[in-house]
Amino acid sequence: MPKFTLDGKEIAFEAGETVMEAAWREGIEIPHYCWHPGLSIAANCRMCLVHVESGRQMAMPQLVFDADKGEYVPATKPRLQPACQPAAAEDMGVSSTNEEVKTAQASVQEFLLLNHPVDCPICDQAGECKLQDYYYEHQGTLKRKLTEPVHKPKGVRFGPTIVYDAERCIMCTRCIRVCDEVAKDHVLDMRERGNRNEIIVAPGRELDHKYTLMTEHVCPVGALTSQDFRFKARVWFLKSGQGVCTGCATGCNTHVDYDPRNGKVYRLRPRDNADVNQFWMCDDGMMTYTRHDTDRLLMSTTGRGEERSPVAEEEALALAAEKLTAVDASKLAVVLSAQHTTEDNLALVKLAGALGADRLYLAALGGWEGDDILRSEDNNPNRSGAKQAASGASLKPVGELLADVQAGAVQGVLALGWATAETLEELAPLLALDGVVSLTSHVGALPAAASVAIPVADTFEVDGSFVNAKGLTQAFQPALCPPDGVEPAWATISELAAKLGKDLGFKDLQGLREGLVDAVEAAQ
Amino acid sequence: MTVEVKVIKKPGRTLAEQAYVPEIAKGLGFAMGRFFKNTFGPQAKKEIDTVKYPEEKVEYPERFRGIHRLTQRSDGSPRCVACLCCSTACPAQCIHIEPAEYEPDDPRHGYERYPSVFVIDELRCIFCGYCVEACPCDAIRMDTGMHMPPSTSRDHFIYDKETLLSIPGRDGTYLTANPRHEPGDDTHPGIDRERGH
């Protein structure tokens, strides 16, 4: 691979790559606002100016004050270039730290802050704002402008998800390019020039496509803020866990931002993964975090409808075991979940095997609107993983389960998860059975139809993996601890197996995962 | 090896001291003299440092860090914008704030953000003054010149937003000494899309 030198360090590049791109791949950051690895090049913020020291020097005339003569004299200064635009060339010598470049960086930074309202106290971006970071890194001087800054519209509603503040905007056009290039919807544009420059929504439109939160995500300053996250939390309190989006079968990689002080998740952010989601996520996927703490099942319950009452987990497990033993294994249905991890599903398949039950079903949500950008039509994150866990055995949908119940072929059900496309009314045949056990993180139609419901941990609280629509297995780590007394589903299943007098052949997650290798091979 | 020894003579007593009675009389005379002077003598001549608290109070020094107050804007709204800098800086973690946004039809909408809940646990507070240092809006001050009034109930030490806003500064006003030009102010030359540029 050809190489160029950046600040004395050799950097390899591929033909056609820019200086910025090659440096970014090596993990070196040249300060920038408008450049984004996933977007086209605008080169309008001028923050990434560098000095190409090799080759023929271009010089710009300027006047320099000569103290001896007491007047300005003609001189020259090297012409700097934005690192994000010119392609890197073999043996190019680039400096991003010499005096000329430092002066340029400080000047550009001062220029961008010239009319900035400095309303950091009310700005959600404070703490992760590039204007703040670069001020300390590259400027650090007091404001020289003493006149009133130019005022522009503040708090403009762009759509149901985004609020715009023109005073904070540095006109980097990242949001416009995200709409154009990622969402393929030219709904944002820029109007006027100079001081009056601002971002506007196309007349008669709202910013309401499926990727609006990406505009906020790419905004390097606080100009675009998310209506959902607005004023909820300060980013310096948040810690990040590594997750996988549960929204659909694409399995976009996420940062799960939570406050460790109260164990609450405040937002999801896309995590770069060139093989899956590049840098992006859809709005619905980013909002899946709200599922986490709404309608959680925190206590084991028995009974249905009005007779539902909480019981201790130990008691619930014993009761579930009793009800399942009462059913003949050939008439016991085991329902896997397309919302649970492959590990949870595998533990359940193992329990079904130990009990001798071979009726496997799959509970899944009914799908949503897909597109050819990121969104898959299957809004379940782990349908493929559940299939792998079942060693490729056919998994019948919940609709067939209901038919089998009505035909009398099924007399007991052990179900994982809350997610079904069916409503409680449609699940009515299950209400006639005594032995319906649900292991679930949330309340829902399936748990409501169960005679015993036992709480298990949610996706943010478990160590596990999903298999996306393309067959890519993605592991993730827990961001939070499960609520008191609640365990991951595979652990609860193993406890239930102990009550049933069965040994599933694994003691911990590691042991369970060893079994997964065989299951995956069998599935192939 | 020889050790040098320096002999110190025991302090002796004079015959008068040894006699005991004259010294007693001298001591009693001094004590009674002070007693009559401080009890019945004129105020100016009293040689006594204690005051009859709580009837009399000593003025605290100017930079004394008293209980907190929240300053107000001229329309009575809190200057605080719930940026959470004070609760971040607080080493005792005694400040709890929940931010909220003024509704679009609220005249104070221009200020955007305000604390819907602002609670200081004055029992946890160590009166270090970091919150005042951290505040970018001069919204929290400790210039009240008051210490915590004593109480028999712990609840009385949990100060909510209304309580904090109702405490005046030493100068008797609720305003700040460092006014700031904000987008919600009437005098602010802010613009919106309707009014244009």
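This text goes with the structure placed above it.
Residues numbered from 1 in each chain as written. Chains lettered and ligands numbered in written order. Predicted model: local features only at pLDDT ≥ 70, side-chain atom pairs only at ≥ 80, totals over all residues.

**Student:** Got a minute to help me understand the overall build of chain A in this structure?
**Tutor:** A tally of regular secondary structure across chain A gives 14 helices and 25 strands. Structurally, chain A occupies a C-alpha span of about 105 × 50 × 40 Å along its principal axes. Residues counted as buried form 48% of the 524 residues belonging to chain A. Looking at chain A alone, contacts between residues at least 24 apart form 67% of all its contacts between residues at least 6 apart. (Helix = DSSP H or I, 4+ residues; strand = E, 2+ residues; numbered from the N terminus. Buried ≥ 20, exposed ≤ 12 C-beta atoms within 10 Å, placed from the backbone. Contact = placed C-beta atoms within 7 Å.)

**Student:** It is not clear to me how helix 10 (residues 398-407) of chain A should be interpreted in this structure. Could you clarify?
**Tutor:** Because each turn of an α-helix spans 3.6 residues, side chains separated by three or four positions end up pointing in the same direction. Residue and element names in this part refer to chain A. By the burial criterion, the buried members of helix 10 are V398, L401 and V405. Seen end-on, helix 10 carries its buried residues on one side only, within an arc spanning 45°. Of the exposed residues in helix 10, those oriented more than 90 degrees away from the buried face are Q406 and A407. Contacts from the buried residues of helix 10 go to strand 18 (332-337), strand 19 (359-363), strand 20 (396-397) and helix 11 (428-431). At the C-terminal side of helix 10, G408 shows a positive phi close to 85°. (Arc of directions from axis to C-beta.)

**Student:** Could you clarify how one ought to interpret the sheet that holds strand 18 of chain A in this entry?
**Tutor:** What links the strands of a sheet is backbone hydrogen bonding, and the strands pair in either a parallel or an antiparallel sense. Residues and elements named next belong to chain A. Overall, mixed pairing links the eight strands, which are arranged 17-16-23-22-21-18-19-20 in an open sheet. Each of the sheet's edge strands pairs with one partner strand only, and the pair in question is strand 17 (309-311) and strand 20. Direction of pairing for strand 22 (residues 435-440) relative to strand 23 (residues 452-455): parallel, over a ladder of four bridges. Pairing of T440 across the sheet is with P455, part of strand 23. Contacting strand 18, strand 19 and strand 21 (412-416), helix 8 (residues 342-355) crosses the sheet at an angle of about 170° to strand 18. (Pairing = 2+ DSSP bridges. Axes fitted to C-alpha atoms, helices over the stretch in contact; angles between N-to-C directions.)

**Student:** Even after reading the chapter, I still don't get the environment of A:S300, so can you show me in this structure?
**Tutor:** Residues and elements named next belong to chain A. The topology assignment puts S300 in strand 16 (residues 300-302). Looking at S300, the number of C-beta atoms within 10 Å reads 23, which means it is buried. Once the C-alpha coordinates of S300 and S438 are considered, the two residues, 138 residues apart in sequence, prove to be 9.8 Å apart. Apart from the residues lying within four places of it in its own chain, the contact partners of S300 are P310, V311, A312, E313, A316, A453, I454 and P455.

**Student:** Can you walk me through unusual backbone geometry in this structure?
**Tutor:** Keep in mind that most residues, glycine aside, have a negative phi and that most peptide bonds are trans. All names here are of chain B. Residue Y53 is joined to P54 through a cis peptide bond whose omega torsion reads 5°. As for its position among the elements, P54 is in the loop between helix 2 (21-40) and strand 1 (69-70). The backbone of A82 shows a phi angle near 55°, a positive value even though the residue is not glycine. Tracing the backbone through its elements, the reader meets A82 in the loop between strand 1 and helix 3 (85-89). Non-glycine residue E112 carries a positive phi angle of around 60°. Mapped onto the elements of the fold, E112 is located in the loop between strand 2 (95-101) and strand 3 (113-121).

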